[in-house]
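Coordinate inspection notes
Residue-level listing of the chains:
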Amino acid sequence: MEDQLKNCAVRLFDVNAVKFGNFVTKAGLQTPVYFDLRVIVSHPSLMVSSFHMRARIFLGYGIHHWQKFQKALSSLLWNLSENSGGATQLCGVPYTALPLATLISVEADMPMLIRRKEVKSYGTKKLIEGEFKEGEICVIVEDVVTTGSSILETAKDLLNEGLKVQEAIVILDREQGGKNNLKINGIRMRSLYTLSSFMGYLLEARKVTLPVVESVSSYLKRTHVPSLSGNDEKSLNRLQLRFEERAKLTKNRAAAKLLDLMSTKETTLCLAVDLIDTDAILELANMAGPHIAVLKTHVDAIENFTSEFPKALRELAEKHNFLIMEDRKFADIGNTVSLQYRNGIYKIANWADFVTAHTLPGYGIIAGLKDGLEGISADRGIFLVTEMSCQGALTLGDYVKSSVVLSKSSNLVAGLVCQANVFADPGLVQLTPGVRLTETTDTLGQRYNTPHSVVHAGADLVVVGRGVTEARDKRSAIVEYKSKLWQAYVERTSS
Ligand code: S5P
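Residues numbered from 1 in each chain as written. Predicted model: local features only at pLDDT ≥ 70, side-chain atom pairs only at ≥ 80, totals over all residues. Heavy atoms only, no water.

1. A look at the nonpolar core
One broad rule of soluble globular proteins: the nonpolar side chains tend to lie buried together. Counting 82 residues, the largest nonpolar core has Leu258, Phe330, Leu369, Phe383 and Leu461 as its most contacted members. For this core, the element with the most residues is helix α21 (residues 474-493), which contributes seven residues. Excluding anything up to four places from it in sequence, leucine 258 contacts Ala293, Val294, Leu323, Phe354, Phe383, Val429 and Leu461. Ranked by size, the runner-up nonpolar core spans 43 residues in total, among them Val18, Leu77, Trp78 and Met199. (Core = buried A, V, L, I, M, F, W, Y, C linked by side-chain atoms within 4.5 Å. Buried < 20%, exposed > 50% of the residue type's maximum accessible area, 1.4 Å probe, protein only. Helix = DSSP H or I, 4+ residues; strand = E, 2+ residues; numbered from the N terminus. Contact = heavy atoms within 4.5 Å.)

2. Looking at the packing of helix α4 (residues 73-80) against helix α5 (residues 97-108)
In the contact formed by α4 and α5, the axes pass within 9 Å of each other and the chain directions differ by 70°. As far as their axial angle goes, α5 and α4 are roughly perpendicular. Between α4 and α5 the crossing geometry is right-handed. Here Leu73, Ser74, Ser75, Leu77 and Trp78 of α4 lie close against α5, whose contacting residues are Leu100, Leu103, Ile104, Glu107 and Ala108. Split into classes, the residues belonging to the contact of α4 with α5 amount to seven nonpolar, two polar and one charged. (Axes fitted to C-alpha atoms, helices over the stretch in contact; angles between N-to-C directions. Parallel < 35°, antiparallel > 145°, perpendicular 65-115°, else oblique. Left-handed = near helix turned anticlockwise from the far one by under 90°. Nonpolar A, V, L, I, M, F, W, Y, C, P; charged D, E, K, R; others polar.)

3. Focus: empty space enclosed by the protein
Enumeration according to the criterion identifies two cavities of 30 Å³ or more in this entry. Looking at side-chain class alone, the lining of the largest cavity contains five nonpolar, four polar and two charged residues. Both of domain 1 (2-232) and domain 2 (240-494) provide at least three residues apiece to the lining of the largest cavity. Elements represented by at least two residues in the lining of the second largest cavity include exactly β6 (137-145) and α6 (149-160). (1 Å grid on protein atoms, 1.4 Å probe; cavity = no way out; pocket = protein on both sides within 12 Å on 5 of 7 lines; lining within 4 Å. Points joined across faces, edges and corners; volume = space filled by probe spheres on them. Domains from an automatic or database assignment.)

4. So, the sheet that holds strand β5 (residues 128-129)
Strand order across the open sheet formed by six strands is β5-β4-β3-β6-β7-β8, with mixed pairing between neighbours. The strands lining the two open edges of the sheet, one partner per strand, are β5 and β8 (188-194). Bridge analysis of β6 against strand β7 (residues 164-173) gives eight bridges, and the strand direction is parallel. Residue pairing across strands places cysteine 138 opposite valine 165, the latter belonging to β7. Packed on one face of the sheet, α5 meets β3 (89-92), β4 (112-115), β6 and β7 and runs near 160° to β3. Relative to β8, helix α8 (residues 195-204) is tilted by about 20°, and along the sheet it contacts β7 and β8. (Pairing = 2+ DSSP bridges.)

5. Considerations on α8
Side chains that are three or four residues apart share a direction in an α-helix, a result of its 3.6 residues per turn. The set of residues buried in α8 consists of Leu195, Phe198, Met199, Tyr201 and Leu202. Relative to the axis of α8, the buried residues are bounded by an arc of 160° and lie together on one face. Count one or two residues on from α8 and you reach arginine 206, which has phi positive near 55°. (Arc of directions from axis to C-beta.)

6. A look at unusual backbone geometry
Along the chain, proline 94 connects to tyrosine 95 via a cis peptide bond; the corresponding omega equals 0°. Tracing the chain through its elements places tyrosine 95 in the loop between β3 and α5.

7. Some thoughts on the side chain of threonine 450
Topologically, threonine 450 is positioned in the loop between β17 (447-448) and α19 (451-456). A distance of 3.1 Å separates polar atoms of two side chains, one belonging to threonine 450 and the other to serine 453. Excluding its chain neighbours within four sequence positions, the residues that come into contact with threonine 450 are Val435, Arg436, Leu437, Thr438 and Glu439. (Polar contact = N/O pair within 3.5 Å; in protein donor to acceptor, adjacent residues only side chain to side chain.)

8. Some words on the packing of aromatic side chains
Centre-to-centre distance and the angle between the planes together describe a pair of aromatic rings. One pass over the structure, following the stated rule, counts 12 aromatic pairs. Between tyrosine 193 and phenylalanine 198, the ring centres sit 5.1 Å apart and the planes meet at 85°, which makes this aromatic pair edge-to-face. A relative accessible area of 1% means that tyrosine 193 is categorised as buried. Three or more aromatic residues joined by ring pairs form one cluster here, namely Phe35, Tyr193, Phe198 and Tyr201. Directly above the aromatic system of phenylalanine 423 lies the positively charged group of arginine 238, at a separation of 4.0 Å from the ring centroid. We note arginine 436 situated over the ring of tyrosine 448; from NZ or CZ to the ring centre the distance is 5.4 Å. (Phe/Tyr/Trp six-rings, centres within 6.5 Å; stacked < 30°, edge-to-face > 60°. Lys NZ or Arg CZ within 6 Å of the ring centre and 35° of its normal.)

Right under this line is the structure:
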């Protein structure tokens, strides 16, 4: 097996499926190593052993002795599967893994399913092609895993059709949190290579030099979320770790403060005070203060904003021990964002502990916000908008994946705004909006889930807006949301 793996690693290198140098990822991050396994379709002998296939065709099935020769990727991959759960279906994550899944399907004589990628937003055609029965177990096949989000998306569509997913077999694990993330979601991932083992094979074969291997391993140290094994699992599982433990793991000081505050105050409620009058906002802030972790504003919707407002809000924040988030959703180039953050009439950088920012511009958005903080020593954090709560949002697939990668690029990132458990790092906080006591929608596309369901889907800090601001008895509504959310958090961390 070891020799076969080394052989395939070298062949992957020879066909340029891996490149070394200075690359910029889709999310705008620097990386010294880049994988493009799409090229393997031009090298059939790398995908499937020609010996094996010919022998199989000509000699029937009594050819086990042939299999020790020249195993190619599909055979090696299928060897990884324990199939202890009795899987009866295979599904490749579109697109690179599709041919691999097809070859495994032929080799293992197991039917395969195809997940359509493009119809996701239109929802008219079937998402899963192929014949299956509800309750069948499906193994997912993937080429390269970074955060695991592509596998999770595929698994989600399979689960929606009544299939079960327990195992994913992949060629390469980039060791950036994917394995843990999948594990949290009940999927065991096995890979032919980790990025480190792959580099080891290339070094042994003298395809790369030691400095190249060192640059990859220092990159891994910077971006790595450790793979889990044995006793480490519990200590690194974001959803099961308690906030006070996670506060020690975060690189962002404002996030550490928030995690400690949520733990001591026993609240995960972030109140969205989307009102347009400063007195009304301050009145609600004073009432809600003892029960909330964060108060979230949209200052550009306020009719009578003056510089006195943030001062008064900060006083209430000190009095009741909550933090302030300005939900500005910055989305421009770094220079503009830097100007918008510290200047204008709002001077957000001066008073908001947290701000939100879209990831659309890539790394520049973080660089711009960092620049806007020059001379400000207070702890600040950014929440990156990774998935939106509204119907038809375009925050899908690779966008989510790239946003998760971007979240690892700076200590200024405190967390991600998302709807599901799309990242593994226990040092980052999942902020989830779109919450009411019952599942519903508003007339403008907002979708609501219940406190219980969002917390079990990974939400740490939970945004409630109109569920409180439109309630007849606001105080009771605040207390009800707070206690339902805390109860779900306690359940999650003790499960
Ligand atoms: O995807 C998102 C991201 C955010 S920050 N969906 C959202 O609804 N939000 C914000 O959460 C939104 O701007 C609003 O301030 C709050 C939800 O308010 P509600 O009244 O619908 O609970």
